[in-house]
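The primary structure of each chain is shown beneath.
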Amino acid sequence: MRELVTDAVRTLVPPRGDRHGPLPPLLLALTVVTGVVDAVSYLALGHVFVANMTGNVVFLGFALAGAEGLSALASVVAMTAFLAGALAGGRVAARFAHRGRVLVFAVAAQTVLAATATLAAALCDGDRVGGPLRYTLIVLLGLAMGLQNAVVRRLGVPDLTTTVLTLTLTGLAADSTPAGGPASRPGRRILSVLAMFLGALAGALLLRHTGLAPTLGLILLLLAPTCVAALRLASSDAAWTRPPD
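For clarity, every value in this text was computed on a predicted model and none was experimentally measured. (Residues numbered from 1 in each chain as written. Predicted model: local features only at pLDDT ≥ 70, side-chain atom pairs only at ≥ 80, totals over all residues. Heavy atoms only, no water.)

A short note on unusual backbone geometry
In most cases, non-glycine residues show a negative phi, while peptide bonds are predominantly trans. Within the chain, Asp-159 stands out as a residue other than glycine whose phi angle is a positive 65°. Following the sequence through the fold, Asp-159 ends up in the loop between α6 (131-155) and α7 (166-174). Residue classification places Asp-159 among the buried positions, given a relative accessible area of 13%. Positive phi outside glycine occurs at Thr-162, with the angle close to 75°. Along the polypeptide, Thr-162 turns up in the loop between α6 and α7. Judged by relative accessible area, Thr-162 falls into the buried class, the value being 1%. (Helix = DSSP H or I, 4+ residues; strand = E, 2+ residues; numbered from the N terminus. Buried < 20%, exposed > 50% of the residue type's maximum accessible area, 1.4 Å probe, protein only.)

Take a look at the structure:
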């Protein structure tokens, strides 16, 4: 338990000289964003994911088999937008060696995309998500999450992928003391799962009680301070800014 708490604290408040510097808490914030985005895409945009591409591939198979309530077109559009965002993120990450500047670009672009999505939902009566608005939001959010995935992958912070928890949960169990493992980073892994859960819970509750536009506004509210924090760190030349080995 002591190791778990220590690891959690070190993730939330990285010690001076940490290899990944201030990246862990910022990536936790992006994990919360993912939870909210998944709530919006699945609950409000017609049972489609814009962050979880494994789910979309499965949904596409279900839709082609004739399952009710699923759209093959929505899954294809989401995957296409996600791949386009990932392509852009990969190009940026390959161009800049400074991890802080890479993160700034990604979060700034996500903030713009989230603001556009929020505005579109507010202007188009987001409580009635029809064809044009639905696919506009899928594209905007898919681009944002593809970009996030590509950049976070290049940042290379262990157990903070911000979107995929399967390996995180596997490591939490497989590396635990009862399994005979080294019990490495249990606090960070639990925080990652908790961040996704809280984002999904908050997104679902907001959708239910306030509607689509305010829920998209929460995404914007989470991204804006993350962007400001990353911007303040982008001028650093500390060791954490260099790509991981």
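Observations regarding the nonpolar core
Grouped together as the largest cluster of nonpolar side chains are 57 residues, with contacts concentrated most on Leu-27, Leu-103, Ile-138, Leu-216 and Ile-219. At the level of elements, α2 (23-44), α3 (53-64), α4 (72-95), α5 (99-123), α6, α8 (186-209) and α9 (212-233) are the ones that each hand at least two residues to this core. It is α6 that provides the largest number of residues to this core, a total of 11 residues. With residues near it in sequence (within four places) discarded, Leu-103 still touches Leu-23, Leu-26, Leu-27, Leu-30, Val-151, Leu-155 and Ala-230. (Core = buried A, V, L, I, M, F, W, Y, C linked by side-chain atoms within 4.5 Å. Contact = heavy atoms within 4.5 Å.)

A short note on the layout of surface pockets
Reported here for the largest pocket is a volume of approximately 510 Å³. Taken together, 26 residues make up the lining of the largest pocket; nearest its centre are Ala-51, Asn-52, Thr-163, Val-164 and Leu-165. Going through the elements one at a time, α2, α3, α6 and α8 are the ones with two or more residues in the lining of the largest pocket. With four residues, α2 is the largest single contributor of residues to the lining of the largest pocket. (1 Å grid on protein atoms, 1.4 Å probe; cavity = no way out; pocket = protein on both sides within 12 Å on 5 of 7 lines; lining within 4 Å. Points joined across faces, edges and corners; volume = space filled by probe spheres on them.)

Remarks on a nonpolar patch on the surface
Residues Met-1, Val-5, Val-9, Leu-12 and Val-13 make up a contiguous nonpolar surface patch of about 520 Å² in total accessible area. Following the sequence through the fold, Val-5 ends up in helix α1 (residues 2-12). Classification of Val-5 as partly exposed rests on a relative accessible area of 43%. (Patch = residues over 30% accessible without salt bridge, like charges linked within 9 Å, V, L, I, M, F, W, Y side chains within 5 Å. Areas by Shrake-Rupley, 256 points an atom, 1.4 Å probe, with all protein chains shown as cover. Salt bridge = Lys/Arg side-chain N within 4 Å of Asp/Glu carboxyl O.)

Things to note about the side chain of Asn-56
When you line up the elements, Asn-56 lands in helix α3. The buried category is assigned to Asn-56, whose relative accessible area is 0%. Excluding anything up to four places from it in sequence, Asn-56 contacts Val-48, Phe-49, Val-50, Ser-75, Ala-78 and Met-79.

Considering the pattern of salt bridges
In this structure the tally under the stated criterion is one salt bridge. Salt-bridge contacts for Arg-189 lead to Asp-159; the nearest nitrogen and oxygen are separated by 3.1 Å. Of the two residues, Arg-189 sits in helix α8 while Asp-159 sits in the loop between α6 and α7, which places them 30 residues apart along the sequence. A residue is classified by how much of its surface remains accessible, and Arg-189, at 6% relative accessible area, is buried.

Regarding the packing of aromatic side chains
In this structure the tally under the stated criterion is three aromatic pairs. Aromatic pair Phe-49 and Phe-59: ring centres 5.5 Å apart, planes at 10°, arrangement stacked. Of this pair, Phe-49 sits in the loop between α2 and α3 while Phe-59 sits in helix α3; the two residues are 10 residues apart in sequence, bridging distant segments of the chain. Linked through ring pairs, Tyr-42, Phe-49 and Phe-59 together constitute an aromatic cluster. (Phe/Tyr/Trp six-rings, centres within 6.5 Å; stacked < 30°, edge-to-face > 60°.)

Some words on the side chain of Arg-188
Inspection of the secondary structure assignment puts Arg-188 in helix α8. A distance of 3.4 Å separates the side chain of Arg-188 from the side chain of Thr-11, its partner in a polar contact. Leave out the neighbours within four places in its chain, and Arg-188 touches Asp-7, Thr-11, Pro-24, Val-157, Pro-158, Asp-159 and Leu-160. (Polar contact = N/O pair within 3.5 Å; in protein donor to acceptor, adjacent residues only side chain to side chain.)

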